[in-house]
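Here's the letter readout for the chains.
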Amino acid sequence: MSDYQISAIGHIQSPYKQKFAIPRQPRLVPEAKAKLIFAPDFNREEFVRGLDEFSHIWLLFRFHETADKGYSAMVRPPRLGGNERKGVFATRATFRPNAIGMSAVKLEGIEYKNGQLALLLAGIDLLDGTPIVDIKPYLPYSDALPDASAGFADTRPETQMSVEFSEQALEFINKQSHYPELQAFISNVLKQDPRPAYKKQKQGMQSYGMNLYEYNITWQVTDSHHLVTHIEPS
Ligand code: SAM
């Protein structure tokens, strides 16, 4: 095997401030907006000229938060309830050799502001600070394969979870004006049911917390129902 050195061409500014509750694939939560900030060596409009003709792009990135934890030959995909094992190359697991991830996301715009080039993205599944190693335009004629089969991950994961907000949570959402889609964003993150597989099998009420943007959000889960109990600045 040869060794290669790869440097980040930029990094992601994302509302997801910790791994927990990030959707397992891109575009499951369309309200997840992010910016790709180009590193100084790539901070020139020439690098992205023509990219605005594409509605979607591929991001190749490093699972930087977990990269130093190595990899296993076999992993337990959450899809299978965390009980069954598959080869790492048969999954999208984060703990993989080279720790490289790929996501097709929506490109909403290209910004050049105060000398900083950035891509405006939506539907991302990336942690804040994720290093980006390459960007490629998404090519529907070649990349979209409607007839492809996908074994244990053949269908979009759908849950029947309902989401409700406490009075305090609704008041907080309505008072802030930074994020017009905040309620839909929180709702769609929770509908993905971010609980670990073994917790989903447990009975009774469970309490959780997550950080989105600069907010702490706490919620309770009972059966298939989430209640967002409290939101406050982090
Ligand atoms: N779409 C990508 C792929 O297929 O390579 C990522 C799939 S991976 C299953 C998605 C998970 O990666 C998210 O739910 C989140 O927990 C985790 N994740 C996102 N950004 C990360 C980062 N920078 N470092 C480590 N884990 C990350």
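The present account deals with the structure reproduced in this document. These numbers come from a predicted model, not from an experiment.

Quick look at the overall build of the protein chain now. What the protein chain contains, in helices and strands, is 4 helices and 12 strands. Relative to the globule expectation of 17 Å for 234 residues, the C-alpha radius of gyration of the protein chain, 19 Å, shows essentially globular dimensions. Buried residues in the protein chain amount to 38% of all 234 residues. Approximately 13,800 Å² of the protein chain is accessible, and the part contributed by carbon and sulfur atoms is 50%.

Time to look at the packing of aromatic side chains. In total, this model carries 11 aromatic pairs according to the counting rule given. Among the aromatic side chains, those forming a connected cluster through ring pairs are Tyr16, Phe172, Tyr179, Phe185, Tyr213 and Tyr215.

Phi angles above zero are rare outside glycine, and Asn98 is one such case at about 70°. On the basis of relative accessibility, which here comes to 61%, the residue Asn98 falls in the exposed class. A positive phi angle is found at Asp193, which is not glycine, with a value near 50°. Given a relative accessible area of 4%, Asp193 falls into the buried group.

Two pairing modes exist for strands in a sheet, parallel and antiparallel, and in both the strands are linked by backbone hydrogen bonds. Read around the closed barrel, 6 strands run 1-2-7-6-3-8, paired in antiparallel fashion. Looking at each pair of strands side by side, their axes are set apart by 45° on average, direction ignored.

Conventions used here
- Residues numbered from 1 in each chain as written.
- Predicted model: local features only at pLDDT ≥ 70, side-chain atom pairs only at ≥ 80, totals over all residues.
- Heavy atoms only, no water.
- Helix = DSSP H or I, 4+ residues; strand = E, 2+ residues; numbered from the N terminus.
- Rg over C-alpha atoms; globule rule 2.2 N^0.38 Å.
- Buried < 20%, exposed > 50% of the residue type's maximum accessible area, 1.4 Å probe, protein only.
- Areas by Shrake-Rupley, 256 points an atom, 1.4 Å probe, with all protein chains shown as cover.
- Phe/Tyr/Trp six-rings, centres within 6.5 Å; stacked < 30°, edge-to-face > 60°.
- Pairing = 2+ DSSP bridges.
- Axes fitted to C-alpha atoms, helices over the stretch in contact; angles between N-to-C directions.

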